[in-house]
Amino acid sequence: MGLEPGALVGLDEQPGCVFQLVNLDQDRGYAWVRPWPIGTEHVPTLSVTTLQLQDLESVA
């Protein structure tokens, strides 16, 4: 999977929801995402494993 920060992704356990990839540590298998679209309030990031990510461009 050739994802980079800023990409829009889905998560296996939350089908239909869209997240923005904030950071990626492929060596350790972790990614940090936040819900998309981003509103005006602070949106915390979530730590997930890279195995949970779905590249939305390849799914569409």
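Residues numbered from 1 in each chain as written. Predicted model: local features only at pLDDT ≥ 70, side-chain atom pairs only at ≥ 80, totals over all residues. Heavy atoms only, no water.

**Side note on the pairing of strand β1 (residues 8–11)**
- Bridge count for β1 against strand β2 (residues 14–25) is three bridges, and the pairing is antiparallel. Counted as the bridge partner of Val9 is Phe19 from β2.
- Connecting β1 to the antiparallel partner β2 that follows it, the hairpin turn spans two residues. (Pairing = 2+ DSSP bridges. Helix = DSSP H or I, 4+ residues; strand = E, 2+ residues; numbered from the N terminus.)

**A look at the nonpolar core**
- Within the largest apolar cluster, nine residues are counted, these being Leu3, Val9, Leu11, Phe19, Leu21, Ala31, Val33, Val48 and Leu53.
- Going through the elements one at a time, β1, β2 and β3 (30–35) are the ones with two or more residues in this core. (Core = buried A, V, L, I, M, F, W, Y, C linked by side-chain atoms within 4.5 Å. Buried < 20%, exposed > 50% of the residue type's maximum accessible area, 1.4 Å probe, protein only.)

**A few points about the sheet that holds β1**
- The strand order across the open sheet formed by five strands is β4-β3-β2-β1-β5, and the pairing between neighbours is antiparallel. Here the strands that pair on one side only, and so sit at the sheet edges, are β4 (46–49) and β5 (53–55). With strand direction ignored, the average angle separating the axes of adjacent strands in the sheet is 50°.
- In this structure, β1 lies alongside β5, joined through three bridges in antiparallel fashion. Across the sheet, the residue bridging to Leu11 is Leu53, located in β5. (Axes fitted to C-alpha atoms, helices over the stretch in contact; angles between N-to-C directions.)

**Description of the side chain of Asp25**
- Examined against the element boundaries, Asp25 turns out to sit in strand β2.
- A distance of 3.2 Å separates the side chain of Asp25 from the backbone nitrogen of Arg28, its partner in a polar contact.
- Contact partners of Asp25, with chain neighbours within four places excluded, come to Tyr30 and Trp32. (Polar contact = N/O pair within 3.5 Å; in protein donor to acceptor, adjacent residues only side chain to side chain. Contact = heavy atoms within 4.5 Å.)

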